[in-house]
Amino acid sequence: DSLGRIAMERGDLAAALKYYQNVIALDPEFAAAHANLATIYRKISRLDDAEASGRRALELDDSLAGAHDVLGNVLMAQGKISDAAACFRRAIALDADLSEAHNDLGNALTDLRDLDGALKAYQTAMPSNDACKNYLLTLLYQPGLTNDDLFERYRETVQNPAPSPAAFNKPGERLRIGYVSSDFRYHPIGNNVLPLLANHDHGRVEVFCYAHVMTENLVTKAFQNHADHWRVVNAMTDAELAETLRADGIDVAVYLGGHFDENRPGAAAHRSAPLQVAMHGGSTTAMDSMDYWLTDDVLHPEGEGDGAERFTETLWRLPNFYAFTPPSQAPEVSPLPADENGYVTFVSFNKPCKMNDGVLDVWSGVLSAVPDARLLLKFRNHLDDAAVAGPMLERLKANGISQDRIEMIASHDDIGQHLAHYHRGDIALDPFPFSGATTTFQALWMGLPVVSLYTERFIGRMGASISHHAGLGDLAAVSPGDYIDACASLAGNLDRLRNLRQGLRGQVAASPLCDGAAYARNVEDAFYAMVEKAGGDGG
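Bear in mind the structure is a predicted one, so any value in this text is a computation, not a measurement.

Section: the side chain of Glu524
Tracing the backbone through its elements, the reader meets Glu524 in helix H22 (residues 516–534). With residues near it in sequence (within four places) discarded, Glu524 still touches Asn199, His200, Asp201, Arg204 and Val205.

And the structure:
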């Protein structure tokens, strides 16, 4: 059992699987071993086996709070969100001090669109590191928070010990860049960063990847192939990780993903490199030791006035922040479905927690302005759960939208199957205040224009930035009324929709969004300029 736990902590799931299978062979009634085996099966996507092991653990010992928590996480992975929440509540009833169960309940409530309940659950689980990260992420979904409120909550939550200084590499040497991430895998952030690493000029920069990756896949292998040095850091503390970067002589440490997932911004508090840069987080890191935040002039325009987004970092604007690798499994773009259907179909394939009541109210306004239009929603298999879908349908119904105009798809697809669902849509809708990045790019790639609401901070401007750099900046509305008008105008202009359907993929492919080589030069130039400004010399 001990060996299995150690293997899990190190991310060696194959070894952990064997250890726990051996433990159960020796003691078939060891409930905790069945629960741990369920966790491993979940992480390697053997969900039926995971559920069977989790239920077997509870058959053996229904009083085991941790086993209820484990089964809840399996049910979450299966899209059975309300059932999962019941498991987490049962775990808490058995052991109110089980912080993992409070944190996991927060995750379930987020997926159920109960953001207030989720935030309370995360606060109960604090100071758990996972709960702190999930709390900070969920704040970004929450409508109604001012920029001042958001910043203060981040500052209250994030630890800021005084960092020690670090020296630059020897003058004349190429810059040593250290990327720190849990997302060197098939993941929205991984897919955004891969074009950068794939196009780095290794004569200018020496690339180090510090990977906290629990489950590797083919994209992980691609990252390994593009790195000069690959470090697995799962078992390291933040202080140990920072010391590893210092020992490697890193000049610029790039912390990917901010306070999301298993990312490690906490290592920056230990001053892991002379320059530390935040990239692909949703907000400020709120860390005094983070020097720069990479962005662009749509995400953070110059000269914003009162009420502007607040941050601890210095902004560094790239010509364009986002870069994408076109999905290799994408099906061909279909003809415009409105021509066959006789009506326009709006789609959104974003997380339900992004579809707050304010979003549904605006989308109701869109459907009222285009009376024959339909709305198609999809996110994995979550919309199969009546506790997720029901309140959304009720909100639309209360706004006068007949439910026969709404369709919800629940399917857990591969990327090609997922993208094929865009064949049914004419126009994509971006949510707010947490807009879509990957979903925006995918819709554009499949020939659908995306209407966004340009909000008051980075996280609500991602869709607008991507559309702008794809040549569709006019579709970023500045108010809910403008959003509705933009949708109605597009829906009434089938000629434009047909032209976009036919030409948008080529337009996006020729845009800065898909020019990985130019993007890598821009980022490298930024790093060299940062070093020069700081008084270092990267050669």
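Details of the pairing of strand S1 (residues 175–181)
Within S1, six of the seven residues are buried, which leaves it mostly tucked inside the rest of the structure. In the sheet, S1 pairs with strand S2 (residues 205–211) via seven bridges, with the strands oriented parallel. By the bridge assignment, Val180 is partnered in S2 with Tyr210. Regarding topology, helix H11 (residues 188–198) serves as the crossover connection from S1 to the parallel S2, and that connection is right-handed. Alignment of S1 against strand S4 (residues 252–256), held across four bridges, turns out to be parallel. Pairing of Tyr179 across the sheet is with Val254, part of S4.

Focus: the packing of helix H7 (residues 99–111) against helix H9 (residues 129–141)
One way to put it is that H7 packs onto H9 with a least axis distance of 10 Å and a crossing angle of 20°. Regarding the angle of H7 to H9, the classification is roughly parallel. Where H7 crosses over H9, the two elements pack in a sense that is left-handed. Between H7 and H9, the residues in contact are Asn103, Asn107 and Thr110 and Asp130, Ala131, Asn134, Thr138 and Tyr141, respectively.

As for the sheet that holds strand S3 (residues 229–232)
Pairing is parallel in the open sheet, where seven strands are placed in the order S3-S2-S1-S4-S5-S6-S7. In this open sheet, the two strands that pair with only one neighbour each are S3 and strand S7 (314–318). With direction set aside, neighbouring strand axes in the sheet form an average angle of 25°. Both S4 and strand S5 (residues 275–279) contribute to a ladder of five bridges, which runs parallel. Within the sheet, the bridge partner assigned to Leu256 lies in S5 and is Met279. Strands in contact with helix H13 (residues 238–247) are S1, S2 and S4; relative to S2, the strand with the most contacts, it is inclined by about 160°.

Considering helix H18 (residues 438–445)
Across the eight residues that make up H18, a large majority, eight, are buried. Lining the buried residues of H18 we find H11, helix H17 (415–420), strand S11 (427–429), strand S12 (450–453), helix H19 (462–469) and helix H21 (494–509). Just downstream of H18 lies Gly447, where phi reads positive at about 90°.

As for the sheet that holds S12
The six strands are arranged S10-S9-S8-S11-S12-S13 in an open sheet whose pairing can be described as parallel. What marks the edges here is a single partner per strand, and that holds for strand S10 (406–409) and strand S13 (476–477).

Examining a negative patch on the surface
On the surface, a cluster of negative charge is contributed by Glu100, Asp130, Asp261 and Glu262. Mapped onto the elements of the fold, Glu100 is located in helix H7. Assessed through its relative accessible area of 43%, Glu100 is described here as partly exposed.

Overview of the nonpolar core
The biggest cluster of nonpolar side chains holds 164 residues, and the ones touching the most others in it are Tyr179, Tyr322, Phe346, Trp363, Tyr483 and Phe527. The element that contributes the greatest number of residues to this core is H22, accounting for eight residues. Apart from residues no more than four positions distant in its own chain, Phe346 is found in contact with Val366, Leu367, Val370, Ala373, Arg374, Leu375, Leu376, Ile427, Leu429, Cys487 and Ala491. Membership of the second largest hydrophobic core comes to 14 residues, among which are Met8, Leu17, Val23 and Ala33.

Some words on the environment of Asp149
With respect to the helices and strands, the residue Asp149 is situated in helix H10 (residues 147–157). On the accessibility criterion, Asp149 (36% relative accessible area) is partly exposed. Along the backbone, Asp149 and Leu139 are 10 residues apart, and their C-alpha atoms lie at a distance of 9.8 Å.

About the thresholds
- Residues numbered from 1 in each chain as written.
- Predicted model: local features only at pLDDT ≥ 70, side-chain atom pairs only at ≥ 80, totals over all residues.
- Heavy atoms only, no water.
- Helix = DSSP H or I, 4+ residues; strand = E, 2+ residues; numbered from the N terminus.
- Contact = heavy atoms within 4.5 Å.
- Buried < 20%, exposed > 50% of the residue type's maximum accessible area, 1.4 Å probe, protein only.
- Pairing = 2+ DSSP bridges.
- Right-handed = clockwise from strand over helix to strand, strands pointing away.
- Axes fitted to C-alpha atoms, helices over the stretch in contact; angles between N-to-C directions.
- Parallel < 35°, antiparallel > 145°, perpendicular 65-115°, else oblique.
- Left-handed = near helix turned anticlockwise from the far one by under 90°.
- Patch = residues over 30% accessible without salt bridge, like charges linked within 9 Å, V, L, I, M, F, W, Y side chains within 5 Å.
- Areas by Shrake-Rupley, 256 points an atom, 1.4 Å probe, with all protein chains shown as cover.
- Salt bridge = Lys/Arg side-chain N within 4 Å of Asp/Glu carboxyl O.
- Lys, Arg positive; Asp, Glu negative; His and termini not counted.
- Charge placed at Lys NZ, Arg CZ, Asp CG, Glu CD.
- Core = buried A, V, L, I, M, F, W, Y, C linked by side-chain atoms within 4.5 Å.

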